[in-house]
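Commentary on secondary and tertiary structure
The residues making up each chain are set out below.
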Amino acid sequence: MAQEHPLNHPVSRRGFFKGLGATAVATVASRAEVVAGELTKLDAERVQGPGAIPVDLVINGKRSSLQLEPRVTLLDALRNHLPLTGAKEVCDRATCGACTVLMDGVPVYACMILAVDAQGAKITTIEGLSPDGRLTKLQEAFVTCDGLQCGFCTPGFVLSLSALLEKTPQPTEAQVLKACSGNLCRCGSYPRVVQAALQAAGVKTASRCEVIRHV
Amino acid sequence: MSDWPKKTEYLGRSTPRVDGPAKVTGAAKYASDVQPEGWLYGMILRSKWPSAVIRSIDLEKAKAVPGIKAAVTVRNGERHVRYYGEELAAVAGVSKQACLDALRLITVEASPQPFVVDVVEAIKPDSARVFADAPNLGEAKIKEEGDIHGAFGKCDVVVEGEFSTQVQLHQALETHGNTIQVETDDACTAWASTQGIFSVRDGLASNLNIPQTRVRVITDYMGGGFGAKFGPGVEGSLAARMSRETGLPVKIMLTRFEESLAVGIRPSSYQRIKLGADKEGKLIAFDLDAFGSAGFASGGSSAGGGGGAGFPAPYIYRVPNVRAKHAGVAINAGSARAFRAPGHPQGSFGMESILDDLAVKLGIDPVEIRLKNDPLELRRKEYEIGREKFDWLQKYRPPGTSPGPIKTGVGVAGATWGGGGRGTKAQATINPDGTVEIRCGTQDLGTGARTVVALVAAEIFGLPPERISARIGDTEFPASGGSGGSTTTASVAPAIFDVCTKALNELQVLSGVADARGANFDAACRKLGMEPVVMQGEWREGLSSSGVGGVQFAEVDVDTETGFIKVKKILVVQDCGLVVNKLTAESQVNGGVIMGLGYALYEQRVMDPQTGVCLNPNFETYKLPGAADVPEIEIVLLDMPERGVIGIGEPVTIPTAAAVANAVANAIGVRVHSLPITPDKVLEALGQIPAGPETASSDLDKSFVVVEDLPAVAGEFTDDVPS
């Protein structure tokens with residue numbers, strides 16, 4: 001959990017007791033028992049669930065307070081406990097990217113993150129990418145280039161590539177391919193997805209299609 | 001000549017999808033996204049045995065799990081399940097977690113039975129039987145033309161080969177499933193991920209034993225189908241039953257694991273082909289002995305649904321003397337369903353491979369031998385266009401002569417498909433304020449059907465497409481057929497043309513405006529007063545036709561040290577009658593090619609003969625093509641407006657694998673006879689590694705003898721082209 005991240009708290013309460021125990025046990029047995037008891041108590045405090053616990057998520061700038069079992073994934077929380085169904089469940093095991101969301105700007109698989117662990121992070125889903133209702137350049141390019149067919153993988157691709165363009169506004173084709181290498185599309189929209197990303201970045205691309213009038 | 005306008009404003013151009021913005025913002029609601037008030041999560045318990053008699057299923061403990069509202073068995077009483085993953089029971093509850101807990105508490109008493117999942121094993125007389133009362137190998141169907149026995153003696157050259165193709169899985173990204181609400185008065189609403197809203201409606205009505213008028217199916221958006229999503233499925237029937245029991249909506253969407261087991265495959269094929277020709281390369285005789293499995297119900301003599309494993313042969317070529325024999329084989333695995341151009345990729349791979357072998361033996365250019373034997377003038381023209389665009393004459397060199405360890409090769413193959421239109425109805429409403437709504441009970445698989453509706457209406461009314469409210473995906477709209485056989489655009493576009501033409505006429509009559517199109521439209525509408533124009537229309541002849549060709553050229557690099565294949569380029573030359581929307585037509589071509597690449601190089605369901613389970617029911621081990629696997633795809637569409645609209649979705653996936661296989665053979669100078677062409681098979685073909693012990697092909701020779709020995713019934717050879 002973010003608030004107990006070791007980087008946020010260089011010396012945690014538990015770490016202090018543990019360290020104390022290591023040196024104290026050798027000398028004073030009675031004090032060691034006290035320390036051990038204290039540690040057990042702290043561990044018990046840290047064990048959460050299996051029942052529902054309060055989970056606070058900040059999604060698209062809005063705070064949601066939910067009661068979730070600790071085993072609920074972020075994807076499950078979005079789709080089944082909130083009305084945020086833009087992230088799709090396709091594989092539920094980190095292979096397809098359809099559930100991609102941004103956590104503090106970084107694209108992640110929502111199926112691989114427990115909702116409790118997403119607390120404290122700023123989560124952006126596809127619904128939050130264009131809150132004023134105006135499409136981003138990338139979204140617009142997806143539409144005009146036809147970077148989608150059935151559209152089920154599209155939110156994932158759009159978020160993966162949004163994160164790329166945020167960091168690398170003028171990507172090469174290789175960078176675009178790498179950025180969406182964790183996203184799968186079964187309709188085979190890849191050529192147009194790449195075209196859309198490059199077009200959004202202002203790189204000229206050409207269609208390799210011609211229509212011949214047959215007589 | 002078709003009735004389509006000669007000069008067009010919108011048709012045939014590149015128009016972005018009207019629902020593109022909804023898809024890029026997450027606003028598009030798929031069947032798996034809807035959340036009706038009080039909805040329950042549903043999950044299915046499946047057989048862990050490839051074959052077993054189910055004695056009893058105890059749901060009591062599952063029902064006691066907090067949050068669980070319903071638990072049902074698929075069937076009461078004893079039953080025989082015949083594949084790993086067959087549905088046994090289902091639960092519905094307030095969360096996925098409650099369902100997961102409940103599924104673990106269901107006790108199943110079963111007597112496991114002998115099973116077989118390997119097709120070649122299944123044919124052996126001592127094999128375990130899928131159905132006790134019938135051999136796994138069904139009766140062979142035979143097609144005979146001319147004199148096959150005498151014909152080979154007249155050939156100057158004869159080639160023989162054995163080819164096999166794998167089981168391919170549809171793997172639409174949105175899994176099969178529905179959200180279903182059955183009210184206390186039995187009114188049923190289903191949000192279905194389907195290619196056929198009306199077939200889901202009829203299926204649910206039958207399952208629930210209620211009139212079809214009481215069922216409404218809604219499919220605003222669906223996440224791909226590729227042929228496997230026509231009915232409500234067992235999952236739909238279970239959701240409906242649990243909704244009726246609880247009075248609450250129930251959503252069952254399959255997991256990826258389930259999706260890989262039970263809801264459709266492209267059947268495998270094992271083909272022994274003998275092909276003979278004169279020294280000019282003119283084909284004289286074709287003999288095919290083939291079998292394949294479409295799952296547990298394959299074999300013909302066994303009960304159960306699913307398509308057959310047959311395929312068209314000798315595919316697209318004219319051969320005067322033909323014998324084509326095919327038998328289905330039952331194995332303990334999930335059933336086949338239609339899969340993008342059913343049968344054709346298998347037929348294409350075998351025929352186009354052996355044809356290239358023949359060309360090599362005769363020293364004839366592969367394009368040339370096709371021009372000699374292809375009966376379709378249009379496709380011959382496509383070969384010629386492709387040969388020039390691809391720079392074939394420069395690129396083609398004798399097999400295996402490319403220098404260095406990474407060898408370059410080129411290959412070519414052709415396809416055929418129907419793709420015609422059929423009965424579709426539509427309604428147009430023109431309101432006094434100038435708004436237009438078109439309703440049509442079709443659905444959009446991702447091909448852009450909603451945009452087709454908007455574009456055709458825009459063309460007739462002379463309005464921009466965004467002014468048309470195109471409403472589809474609802475059984476309360478005028479009926480259209482399922483989206484299969486590449487028929488949607490050819491069915492829907494003419495119906496929209498018809499209804500809009502009638503509505504425009506009516507508007508002109510009522511308003512007194514002689515030409516109410518375009519700039520005059522709003523003024524004409526205002527003259528309607530209080531009454532909107534509401535017209536019905538339907539598909540009719542003269543606006544669509546069927547029958548396309550299509551050829552593809554492939555260029556590959558093969559690393560002879562690693563066996564790795566890099567496809568560099570695919571050129572597609574394809575006809576599809578009137579191009580309705582160039583942008584989405586191209587996307588379908590890209591998609592067909594990329595799916596064909598998966599079939600050629602990556603995709604394959606793997607079953608474990610020891611345990612009967614599927615070993616790769618997920619995307620880390622069932623490999624789909626990714627963005628980086630895609631070569632340059634160049635597309636040439638032949639626009640033939642005089643033919644009307646013809647579908648394009650299926651033909652474009654057919655020849656890709658054969659063209660790639662031919663390019664690989666051309667590169668390395670030896671042929672890989674089975675799909676997918678994985679690096680190990682390349683190295684094996686090159687003699688760099690020994691043949692694998694358990695490959696189907698190692699046992700293949702003996703299997704054909706078994707087929708030969710069985711009495712064959714005369715009858716029509718089924719090509720399994722979908723209705």
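What you are looking at is a predicted structure, and each value in this text was computed from that prediction instead of being measured. In this convention, every chain numbers its residues from 1, walking through the sequence in written order. In the order they appear in the text, chains get letters beginning with A and ligands get numbers beginning with 1. Only residues with pLDDT of at least 70 are given local features in this predicted model, and only at 80 or more are side-chain atom pairs given and counted; all residues enter the totals for whole chains, interfaces and linings. Working from all heavy atoms in the structure, the side-chain values ignore hydrogens and water.

**Concerning the overall build of chain A**
Helix numbering and strand numbering both begin at the N terminus, where a helix is a DSSP run of H or I of at least 4 residues and a strand a DSSP run of E of at least 2. When helices and strands are tallied, chain A shows 7 helices and 6 strands. From first element to last, N terminus to C terminus, chain A shows the α and β order α-α-β-β-α-β-β-β-α-α-α-α-β. Here, residues are in contact when the closest pair of their heavy atoms is within 4.5 Å. Of the contacts formed within chain A by residues at least 6 apart in sequence, a portion of 52% connects residues at least 24 apart. Total accessible area on chain A stands at roughly 10,600 Å², and carbon and sulfur atoms take up 56% of it. Throughout, the Shrake-Rupley method with a 1.4 Å probe supplies accessible areas, and for residues the shown protein chains are the sole cover considered.

**Describing the domain arrangement of chain B**
Residue and element names in this part refer to chain B. In terms of domain boundaries, chain B breaks down into domain 1 (40-113 + 176-253), domain 2 (341-418 + 546-714) and domain 3 (421-538). Throughout the structure description, domain borders are defined by an automatic or database domain assignment. Put simply, the middle of domain 2 and the middle of domain 3, counted by C-alpha atoms, are 40 Å apart. Here the quantity called buried area is the total loss of accessible area, with a 1.4 Å probe, experienced by two parts when brought into contact, counted for both. Where domain 2 abuts domain 3, roughly 800 Å² becomes buried across the two surfaces, and 62% of that area is made up of carbon and sulfur atoms. The largest contributions to the domain 2 side of the interface with domain 3 come from Val580, Gln588 and Val645, which together make up 49% of the buried area. We define a salt bridge as a contact between a side-chain nitrogen of Lys or Arg and a carboxyl oxygen of Asp or Glu at a distance within 4 Å. In this assembly, domain 2 and domain 3 are joined by 0 salt bridges. Each polar contact in these results corresponds to two N or O atoms within 3.5 Å; when the atoms are within protein, one needs to be able to donate a hydrogen and the other to accept it, and residues that are neighboring in sequence are counted only if both atoms are side-chain atoms. On the surface where domain 2 and domain 3 come into contact, there are 3 residue pairs in polar contact (both at pLDDT 80 or more).

**Remarks on unusual backbone geometry**
Most peptide bonds are trans, and most residues other than glycine sit at a negative phi. All names here are of chain B. Following Ala313, the chain continues to Pro314 via a peptide bond in cis, the omega torsion being 5 degrees. Mapped onto the secondary structure, Pro314 falls in the loop between β14 (283-292) and β15 (321-328). Along the chain, Leu675 connects to Pro676 via a cis peptide bond; the corresponding omega equals -10 degrees. Topologically, Pro676 is positioned in the loop between α17 (656-668) and α18 (679-685).

**Here's the deal with helix α5 (residues 154-167) of chain A**
All names here are of chain A. Any helix carries an expected span of 1.5 Å times its number of residues minus one. Here α5 is 14 residues long and its end C-alpha atoms lie 20 Å apart, about the 20 Å a rise of 1.5 Å per residue gives. In this scheme, a residue with accessible area under 20% of its type's maximum is buried, one over 50% is exposed, and one in between is partly exposed, where area comes from a 1.4 Å probe on protein chains only. Counted residue by residue, α5 has 12 buried out of 14 residues, so it is predominantly covered. When α5 is considered as a whole, its buried residues turn out to be Thr154, Pro155, Gly156, Phe157, Val158, Leu159, Ser160, Leu161, Ser162, Ala163, Leu164 and Leu165.

**Focus on the sheet that holds strand β18 (residues 436-440) of chain B**
Hydrogen bonds between backbone atoms are what pair the strands of a sheet, whose relative direction is either parallel or antiparallel. All names here are of chain B. Strand order in the open sheet made by the 4 strands is β19-β18-β17-β20, with mixed pairing throughout. Every interior strand has two partners, whereas the edge strands, β19 (468-472) and β20 (533-538), have only one. Adjacent strand axes in the sheet meet at a mean angle of 15 degrees when their direction is disregarded. Where β18 lies against β19, 5 bridges are found, and the strand directions are parallel. Of the residues in β19, the one forming a bridge with Ile438 is Ala470. Helix-sheet contacts for helix α13 (residues 449-461) involve β17 (425-430), β18 and β19, and the interaxial angle to β19 is about 145 degrees. Helix α14 (residues 488-511) contacts β17, β18 and β20 of the sheet and is inclined by roughly 145 degrees relative to β20. One bridge is not enough; two strands pair if DSSP finds at least two bridges between them. Under this scheme, a helix contributes an axis fitted over its contacting stretch, all axes are lines through C-alpha atoms, and angles between N-to-C directions fall in the 0 to 180 degree range.

**Some remarks on the domain arrangement of chain A**
Residues and elements named next belong to chain A. Segmenting chain A into domains produces domain 1 (2-46), domain 2 (53-125) and domain 3 (137-200). Using C-alpha coordinates to define each centre, domain 2 is positioned 21 Å away from domain 3. The interface of domain 2 with domain 3 comprises 16 residues on the first partner and 9 residues on the second. Across the domain 2/domain 3 interface, buried area totals approximately 900 Å², and carbon plus sulfur atoms make up 66% of it. If you sort the residues of domain 2 by the area they bury against domain 3, Lys88, Cys96 and Thr100 come out on top, with a joint share of 38%. Taken together, the links from domain 2 to domain 3 amount to 0 salt bridges. The interface formed by domain 2 and domain 3 includes 4 residue pairs in polar contact (both at pLDDT 80 or more).

**Some thoughts on the pattern of salt bridges**
One pass over the full model with this rule turns up 45 salt bridges over all chains. Here B:Lys389 makes a salt bridge to A:Glu210, at a shortest N to O gap of 2.5 Å. A residue pair is termed interchain when its members come from two chains, as with B:Lys389 in helix α11 (residues 377-390) and A:Glu210 in strand β6 (residues 209-213). Among the ionic pairs, B:Glu437 bridges to B:Arg439, the shortest N-O distance being 2.7 Å. A residue is classified by how much of its surface remains accessible, and B:Glu437, at 19% relative accessible area, is buried. Each member of the salt-bridge network shares a partner with another, and the members are A:Glu69, A:Arg71, B:Asp101 and B:Arg104.

**Regarding the packing of helix α6 (residues 197-208) of chain B against helix α7 (residues 233-246) of chain B**
Residue and element names in this part refer to chain B. The geometry of α6 relative to α7 is characterised by a closest axis approach of 10 Å and an angle of 50 degrees between their N-to-C directions. In terms of orientation, α6 and α7 fall into the oblique class. Helix-helix and strand crossings are classified by hand; for α6 and α7 the assignment is right-handed. Of α7, the residues touching α6 (which contributes Leu204, Asn207 and Leu208) are Gly236, Ser237, Ala240 and Arg244. Put simply, Ala, Val, Leu, Ile, Met, Phe, Trp, Tyr, Cys and Pro go in the nonpolar bin, Asp, Glu, Lys and Arg in the charged bin, and everything else, Gly too, in the polar bin. Of the residues that constitute the contact of α6 with α7, the class distribution is 3 nonpolar, 3 polar and 1 charged. Each angle receives one of four descriptions, namely roughly parallel if under 35 degrees, roughly antiparallel if over 145, roughly perpendicular if within 65 to 115, and oblique otherwise. The crossing is said to be left-handed when, going from far helix to near helix, the turn is anticlockwise and less than a right angle, and right-handed when the turn is clockwise.

**Considering the interface of chain A and chain B**
Facing 56 residues of chain A, the contacting portion of chain B comprises 72 residues. Considering only the surface of chain A that becomes buried against chain B, A:Arg186, A:Arg208 and A:His214 emerge as the three largest contributors, covering 17% of it. The interface formed by chain A and chain B includes 10 salt bridges. Close ionic contact of A:Asp92 with B:Lys96 constitutes a salt bridge, the shortest N to O distance being 2.9 Å. On inspection of chain A and its partner chain B, the count reaches 32 residue pairs in polar contact (both at pLDDT 80 or more). Of all the secondary structure elements, the ones that give two or more residues to the side of chain A that touches chain B are α3 (74-81), α4 (137-145), α5, α7 (190-200) and β6 of chain A. Two strands pair when backbone bridges link them, and β6(A) and strand β23 (residues 632-639) of chain B are joined in this way by 5 bridges, in the parallel orientation. Bridge pairing links A:Ile212 to B:Leu638 in β23(B).

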